[in-house]
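# Chain and residue survey
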Amino acid sequence: MTAKVVPVWIWAVLIAVHALALGWSLTAEKWYFPDSDRYLQAAENLRIHGQLYARALPVGLLQGEAIQEYTIRPLGYPVALLVLNSAKQPVLLLIIQNLLSILTIGLVVAYWARWCKPEPKKWGWVVLILLTFPAQYIYANAVMSEMLLQAVVVMLMISALLFIRTKRSRYFAGVMGALVLALLLKPVFYPLAVGLGGMGVLIAWRRRKWVLGLLGLVPLLVTGAYMEWNEQRTGYFHFSSIAEINLLYYNAAGVIRQQTGPAAEDTWVKAVLRKANAQPTFAQRQQLIRKEAVAVLWAHPLLYARQQALGMGAFFLDPGRFDISQFLGLKPPVGGGLLAQVRDGGLLQALAKLPLGLLGGLAMVLLANVVRLVLAVRGLLLLRRGGPMLRAGGWLAAGLLLYVAVVTGPLGAARFLMPVWPVLLGLSLIGLQGPKKSHSAAQ
């Protein structure tokens, strides 16, 4: 993966863009995002108290809502912050995240270039594809876990492709190891442990290679051990309290908002919290929240399906108004994000209040997102016409993208696409220029 494959000027552009974003982040101190405080506090509590807790540790016995801070953030990113001593000025952390960003993008582009041997005129389009996804450069320069998770997902994909090609156990071990790191960085990946674990057992049975089955069980064992640890600390066997938070504040509350408006949503959320916080244990509190939220979703399946569809659309197409505004220090959006205002019917009013420069930039990114998605679909269709390895790689990429989109659901936004953005990028590049016929046939 050298400059002989990817033109030197492509690397120069990538490095320059990352350097500019890093310089801005450090000089303007724009690395601090709304969720950064919980990561930083969790790291600080680990350092001082040996406790994974995402708020300042109160004195005395924790009760009710306060207990959720034990498990609202997984262990992975706070440990990274602790190791890199990034509590005050995260210079080293941001440098590493930028290097990871250059590496992951570079790997995808270089792999495509070596595989597909693009025509020289295609490199200009490649630069446009890379530069019109600003979330990549924003989250490389924020104290958020997205960049580390993205690098782990790329590791997972590369290991999976190598395993498909060679059938060697060490690459399957790489897949399972990457999955363990992923679920310790973001809870969205822990349900995948069941699917990939079952796949490992199935492959082991078909090939009579039981080491694969044992490797497939590793993420399941790690997930179970982590949930057991959480039960010891909170009295509730679960992976992360973010599941109930999302169910209450986004999934179910979003349905109430669509049905009867924001005032009814606020009243319903407060009523559920009153009942939940009156429960004698944290486990009963979380179970009540889950029961009340699920009841709303079952009562209004069509409204929730609409909400889910909007979220999945935003997952792939959101231009990232919140991310750009936060990074550039612009005024926070009034009335929530664009997706929230779509639900409320106030999108046009929200757009009319944006500065013309920002509006033009968002329109350009939105158009680029549409083009990338069309190219990705075309790339998937091209892979389906190739050999067994190409088809398997295509389905793996599409499956991973759809998995994250579905699990993210109504929360869909550019930030949540970030971890799997290189997967979409790879499919888009193949859609721009697919593999040569001879290479495809060889696979």
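Residues numbered from 1 in each chain as written. Predicted model: local features only at pLDDT ≥ 70, side-chain atom pairs only at ≥ 80, totals over all residues. Heavy atoms only, no water.

## Regarding the overall build of the protein
When its secondary structure is counted, the protein shows 22 helices and zero strands. Compactness check: the protein gives a C-alpha radius of gyration of 22 Å against a globular reference of 22 Å for 443 residues, within 12% of the reference. The dimensions of the protein, computed from C-alpha atoms along their principal axes, are 65 × 60 × 45 Å. In the protein, the proportion of contacts linking residues at least 24 apart, taken out of those at least 6 apart, comes to 74%. (Helix = DSSP H or I, 4+ residues; strand = E, 2+ residues; numbered from the N terminus. Rg over C-alpha atoms; globule rule 2.2 N^0.38 Å. Contact = heavy atoms within 4.5 Å.)

## So, the packing of helix 7 (residues 146–166) against helix 8 (residues 169–185)
To describe two helices that pack against each other, one gives the angle between their axes and the distance between the axes. In contact at an axis separation of 8 Å, helix 7 and helix 8 are set at 160° when each is read in the N-to-C sense. Put simply, helix 7 runs roughly antiparallel to helix 8. Judged by the twist between their axes, the crossing of helix 7 over helix 8 is left-handed. Contact with helix 7, carried on its side by L148, L149, V152, M155, L156, S159, A160, L162, F163 and T166, involves Y171, F172, G174, V175, A178, L179, L181, A182 and L185 of helix 8 and no other residues of that element. Of the residues contributing to the contact of helix 7 with helix 8, the split by class is 16 nonpolar, three polar and no charged. (Axes fitted to C-alpha atoms, helices over the stretch in contact; angles between N-to-C directions. Parallel < 35°, antiparallel > 145°, perpendicular 65-115°, else oblique. Left-handed = near helix turned anticlockwise from the far one by under 90°. Nonpolar A, V, L, I, M, F, W, Y, C, P; charged D, E, K, R; others polar.)

## What to know about a positive patch on the surface
A contiguous patch of positive charge on the surface is contributed by K167, R206, R207 and K209. Residue placement: K167 occurs in the loop between helix 7 and helix 8. With a relative accessible area of 38%, K167 lands in the partly exposed category. (Patch = residues over 30% accessible without salt bridge, like charges linked within 9 Å, V, L, I, M, F, W, Y side chains within 5 Å. Areas by Shrake-Rupley, 256 points an atom, 1.4 Å probe, with all protein chains shown as cover. Salt bridge = Lys/Arg side-chain N within 4 Å of Asp/Glu carboxyl O. Lys, Arg positive; Asp, Glu negative; His and termini not counted. Charge placed at Lys NZ, Arg CZ, Asp CG, Glu CD. Buried < 20%, exposed > 50% of the residue type's maximum accessible area, 1.4 Å probe, protein only.)

## Here's the deal with the confidence of the model for the protein
Across the protein, the average pLDDT comes to 89, with 91% of residues at 70 or higher. Per-element confidence in the protein ranges from a low mean pLDDT of 48 for helix 22 (residues 437–442) to a high of 97 for helix 6 (residues 135–139). Ignoring residues within four places in sequence, the model shows residues 438–442, a span with pLDDT below 50, making five contacts including any to other chains. (pLDDT = per-residue confidence, 0-100.)

## With respect to a nonpolar patch on the surface
A contiguous nonpolar surface patch, about 530 Å² in accessible area, is contributed by V194, V201, L214, L217, L220 and L221. Residue assignment for the nonpolar patch shows that the elements contributing at least two residues are helix 9 (192–207) and helix 10 (210–234). The element best represented in the nonpolar patch is helix 10, accounting for four residues. Looking at where V201 falls in the secondary structure, it is placed in helix 9.

## Brief notes about unusual backbone geometry
Positive phi, normally seen in glycine, also occurs at E29, with a value near 55°. Residue E29 is classed as partly exposed on the basis of its relative accessible area of 49%. With phi around 65°, K167 is a residue other than glycine that occupies positive phi space.

## As for helix 14 (residues 301–317)
With 17 residues, helix 14 ought to run about 24 Å at 1.5 Å a step, and its terminal C-alpha atoms sit 24 Å apart, in line with that. Here helix 14 has its buried residues at Y304, Q307, Q308, G311, A314, F315 and F316. (Expected span 1.5 Å × (residues − 1).)

## Some words on the packing of aromatic side chains
Within this structure, the stated rule accounts for 14 aromatic pairs. Arranged with centres 5.4 Å apart and planes meeting at 55°, the rings of F33 and Y139 form a pair that is tilted. Of the two residues, F33 is situated in the loop between helix 1 (8–27) and helix 2 (36–49) and Y139 in helix 6; the sequence distance between them amounts to 106 residues. Each member of the pair F33 and Y139 is classed as buried. Every member of this aromatic cluster is reached through a ring pair, and the members are Y190, Y226, W229 and F239. Positioned above the aromatic ring of Y39, the side-chain terminus of R73 is 5.3 Å from the ring centre. The positively charged end of R233 is found above the aromatic ring belonging to W229, 3.9 Å away from the centroid. (Phe/Tyr/Trp six-rings, centres within 6.5 Å; stacked < 30°, edge-to-face > 60°. Lys NZ or Arg CZ within 6 Å of the ring centre and 35° of its normal.)

## Focus on the pattern of salt bridges
Tallied over the entire structure, the rule returns 13 salt bridges. Its salt-bridge partner being R415, residue E146 comes within 3.0 Å of it at the nearest N-O pair. With E146 in helix 7 and R415 in helix 20 (residues 414–417), this residue pair connects regions lying 269 residues apart in the sequence. The network of salt bridges with common partners includes D35, R73, E146, K186 and R415.

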